[in-house]
Amino acid sequence: MDSREKGLEKTLERLLRGETPGFDEAMRLATEADAGSLEAAADELRRSLHGDVVYYNRNLHFEPTNVCVYACRFCAFRRPVGAGEGDGAWTKGTDDLLRELERRPVGSITELHVTGGVHPDRGLEWAEELLRAVRAARPEIHVKAFTAVEIDYFARRAGLSVEETLLRLKEAGLDSLPGGGAEIFAPEVRKRIAGGKAPAQRWLEVHEAAHRLSIPTNATMLYGHVEGWEHRVDHLLRIRELQSRTGGFRAFVPLRYRNGNNGLSALPEIPPEEERRVFALSRLLLGNVPHLKVYWVMSGVDRALRLLRCGGDDLDGTIDDSTRIYSMAGGDEHPRFGEKEMRAAIEAAGFVPVERDSLYRPVAR
Ligand code: V47
Ligand code: SF4
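Small disclaimer: the values here were computed from a predicted structure and weren't measured. (Residues numbered from 1 in each chain as written. Chains lettered and ligands numbered in written order. Predicted model: local features only at pLDDT ≥ 70, side-chain atom pairs only at ≥ 80, totals over all residues. Heavy atoms only, no water.)

Participant: Just to check I follow, could you spell out the overall build of the chain for this structure?
Facilitator: Helices and strands together make up the secondary structure of the chain, namely 14 helices and 9 strands. The C-alpha atoms of the chain give 20 Å as radius of gyration, which agrees with the globular expectation for 365 residues (21 Å, within 12%). The principal-axis extent of the C-alpha atoms belonging to the chain is close to 65 × 45 × 40 Å. Per-residue burial over the chain gives 58% buried out of 365 residues. Looking at the chain alone, contacts between residues at least 24 apart form 76% of all its contacts between residues at least 6 apart. Element-wise, carbon and sulfur atoms account for 50% of the exposed surface of the chain, whose accessible area totals about 14600 Å². Here the chain contributes 52 positive and 57 negative side-chain charges, whose respective centroids are spaced 1 Å apart. (Helix = DSSP H or I, 4+ residues; strand = E, 2+ residues; numbered from the N terminus. Rg over C-alpha atoms; globule rule 2.2 N^0.38 Å. Buried < 20%, exposed > 50% of the residue type's maximum accessible area, 1.4 Å probe, protein only. Contact = heavy atoms within 4.5 Å. Areas by Shrake-Rupley, 256 points an atom, 1.4 Å probe, with all protein chains shown as cover. Lys, Arg positive; Asp, Glu negative; His and termini not counted. Charge placed at Lys NZ, Arg CZ, Asp CG, Glu CD.)

This is how it looks when you write it as structure tokens:
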């Protein structure tokens, strides 16, 4: 073993002990460690946290609108303000959501995930009304709603602080925040792919405020487009830093860029080996975030199952064909994973399936 390999091994040992790496050290791991060692270390860390368990949940997404004041270049979902049905735009209301929920009897789902485009006519009051209606109709469902980008918009539109905005949403029935909108924090990349929407500092501010108010949140990273390893490492270390102060992140969700029908479509999608490396590195650099979610809708089921050996411990949910963000960018047209099939797939991959609630407590049925 040469001195470079010894250095990398030391870094892995330090990470497994929970120590925080420096940027240069993390970069060396990202770009120089051999795939086998990286995946094995991520698997070891995952096992120390979760044993053989792989989590899943029974959930439903609701995407109220794809009309958006922003124009992220990677987004195939978004339609400009003023677009109509003929252009593929939709705007659904609280009644549509309640109808969707009526089709799912009590006990059939435990979580509702609400996110969508940032519609210019929809502010805090609209969000509060939606949350109140869900709570009145289905108080047993955990509502994970609105990304930091949506919260930022609500707050600015209402002339309130982030904290005041979150408090009002919490009072109306918000239980947690999804991790979307993080993309890549580094300004030189963010400007190129998501110019105009909440900058990294604001995204982090929203999540920090949520954690202060005991609202748990997730974090994402959209990777595999124009960013480099230095941007991925920077992104992961910023999340690690915030988590070390608040402990409020439940899960980290790496989202692989899909190149269908968007402004970056000329870019190829990254190969599976690189995806595995991102997952393993994420598990190792975010040892202080309990869960690493493999969002199967983004990866496809086969790739998702392989990622469970690279640090992933949560496949996300049954979805029941309720999200279009990935379908419109080249993913499965009708994403749906039946519970029986989900459990069988987890077992076939060598793990023990455990249904979780939104706070990762096992669901007893
Ligand atoms: O912020 C949009 C991403 C995110 C593309 O918190 C794309 O549990 C790849 O955040 N290729 C929204 N990614 C989805 C999201 C999410 C999903 C599942 C679970 C959770 C959670 C959060 O989707 C956006 C953006 O980063 N996205 N377009 C695309 N073409
Ligand atoms: Fe709008 Fe979100 Fe699409 Fe960006 S990613 S254009 S904020 S819907």
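Read on, since the account is not over.
Participant: In this structure, what is going on with the site of ligand 2? I would like to understand it.
Facilitator: Around ligand 2 sit Cys68, Tyr70, Cys72, Phe74, Cys75, Phe77, Arg78, Gly117 and Lys197, and those are all the residues in its vicinity. Class assignment for the residues of the shell around ligand 2 results in 6 nonpolar, 1 polar and 2 charged. (Near = heavy atom within 4 Å. Nonpolar A, V, L, I, M, F, W, Y, C, P; charged D, E, K, R; others polar.)

Participant: How should the packing of aromatic side chains be read in this particular structure?
Facilitator: For the structure on display, the rule yields 7 aromatic pairs. Taking 5.5 Å as the distance between ring centres and 80° as the angle between the ring planes, the aromatic pair formed by Phe77 and Trp90 counts as edge-to-face. Highlighted residues: Phe77 in the loop between β2 (59–62) and α4 (94–102) and Trp90 in the loop between β2 and α4, separated in sequence by 13 residues. The same class applies to Phe77 and to Trp90, which are both buried. Sitting over the face of the ring of Trp229, Arg232 holds its NZ or CZ atom 4.4 Å from the ring centroid. Stacked on the ring of Tyr360, the Lys or Arg Arg356 has its end atom at 4.1 Å from the ring centre. (Phe/Tyr/Trp six-rings, centres within 6.5 Å; stacked < 30°, edge-to-face > 60°. Lys NZ or Arg CZ within 6 Å of the ring centre and 35° of its normal.)

Participant: Just checking my understanding: could you explain the pattern of salt bridges for this structure?
Facilitator: Opposite charge on two side chains permits pairing when their charged atoms draw close. A complete count under the given rule lists 37 salt bridges for this structure. Linking Asp314 and Arg356 is a salt bridge whose minimum nitrogen-to-oxygen distance equals 3.1 Å. Pair noted here: Asp314 is in strand β8 (residues 314–317) and Arg356 is in the segment after β9 (352–355), with a separation of 42 residues, a long-range link. Via salt bridges that share partners, Glu100, Arg103, Arg104, Asp320 and Arg336 belong to a single interconnected network. (Salt bridge = Lys/Arg side-chain N within 4 Å of Asp/Glu carboxyl O.)

Participant: What is the right way to look at the sheet that holds strand β1 (residues 53–57) in this model?
Facilitator: Pairing between sheet strands relies on hydrogen bonds along the backbone, with the strands arranged either parallel or antiparallel. Spatial ordering of the open sheet is given by β8-β1-β9, a layout of 3 strands whose pairing is parallel. Of all the strands in the sheet, the pair left with one neighbour each is β8 and β9. Taking the axes of each pair of neighbouring strands and ignoring which way they run, one obtains an average angle of 25° across the sheet. Direction of pairing for β1 relative to β8: parallel, over a ladder of 2 bridges. Among the inter-strand pairings, Tyr55 is bridged to a residue of β8, identified as Asp314. Taken strand by strand, helix α14 (residues 339–348) contacts β1, β8 and β9, and its axis lies near 145° from that of β9. (Pairing = 2+ DSSP bridges. Axes fitted to C-alpha atoms, helices over the stretch in contact; angles between N-to-C directions.)

Participant: Sorry, what's going on with the nonpolar core here?
Facilitator: Burial of nonpolar side chains together is a common tendency in soluble globular proteins. Membership of the largest hydrophobic core comes to 101 residues, with the highest contact counts inside it found for Leu112, Phe146, Leu166, Phe252 and Leu315. Apart from the residues within four sequence positions on either side, Phe252 is in contact with Ala219, Thr220, Met221, Leu236, Ile239, Ser282, Leu286, Val289, His291, Leu292 and Lys293. (Core = buried A, V, L, I, M, F, W, Y, C linked by side-chain atoms within 4.5 Å.)

Participant: I would appreciate a short explanation of the packing of helix α10 (residues 229–246) against helix α11 (residues 272–285) in the present structure.
Facilitator: Relative orientation and spacing of two packed helices are given, respectively, by the angle between their axes and the distance between those axes. α11 packs onto α10 with a crossing angle of 30° between their chain directions and a minimal axis gap of 10 Å. By the angle between their axes, α10 is roughly parallel relative to α11. Our pair here, α10 against α11, has a crossing hand that is right-handed. Two secondary-structure elements touch here, α10 through Trp229, Arg232, Val233, Leu236, Leu237 and Arg240 and α11 through Glu274, Arg277, Val278, Leu281, Ser282, Leu284 and Leu285. (Parallel < 35°, antiparallel > 145°, perpendicular 65-115°, else oblique. Left-handed = near helix turned anticlockwise from the far one by under 90°.)

Participant: So what exactly am I meant to see when it comes to the site of ligand 1 here?
Facilitator: Every one of the 21 residues lining ligand 1 counts as a neighbour, but Lys144, Gly179, Glu183, Lys293 and Tyr326 are closest to it. Backbone polar atom of Gly180 to an oxygen atom of ligand 1: 3.3 Å apart, as the coordinates give it. In the environment of ligand 1, a nitrogen atom lies 2.9 Å from a nitrogen or oxygen atom belonging to the backbone of Arg258. Summarising the interface, the protein chains cover 95% of the accessible area of ligand 1, which totals 620 Å² for the free molecule. Counting residues per element, the ones that place at least two in the shell around ligand 1 are β5 (217–223) and β6 (249–256). If one sorts the elements of the shell around ligand 1 by residue count, β5 sits on top with 3 residues. (Polar contact = N/O pair within 3.5 Å; in protein donor to acceptor, adjacent residues only side chain to side chain.)

Participant: Just to check I follow, could you spell out a negative patch on the surface for this structure?
Facilitator: A grouping of Asp2, Glu5, Glu9, Glu13 and Asp34 is seen on the molecular surface, where their side chains present a negatively charged patch. You can see Asp2 is positioned in the segment before α1 (3–16). (Patch = residues over 30% accessible without salt bridge, like charges linked within 9 Å, V, L, I, M, F, W, Y side chains within 5 Å.)

Participant: For this particular structure, what's the right way to read the sheet that holds strand β7 (residues 291–292)?
Facilitator: With respect to topology, 3 strands assemble into an open sheet ordered β5-β6-β7, the strand pairing being parallel. What marks the edges here is a single partner per strand, and that holds for β5 and β7. Where helix α9 (residues 200–212) meets the sheet, its contacts fall on β5 and β6, and the angle it forms with β5 comes to roughly 160°. In the packing of α10 onto the sheet, contacts are made with β5 and β6, and the angle to β5 comes to roughly 170°.

Participant: Quick question: what am I supposed to make of the side chain of Glu227 here?
Facilitator: Within the fold, Glu227 resides in the loop between β5 and α10. From its side chain, Glu227 meets the backbone nitrogen of Gly224 in a polar contact 2.5 Å long. One polar contact links the side chain of Glu227 to the main-chain amide nitrogen of His225, over a distance of 2.9 Å. In this view, Glu227 contacts Ile184, Val189 and Arg232; residues no more than four positions away in its chain are not counted.

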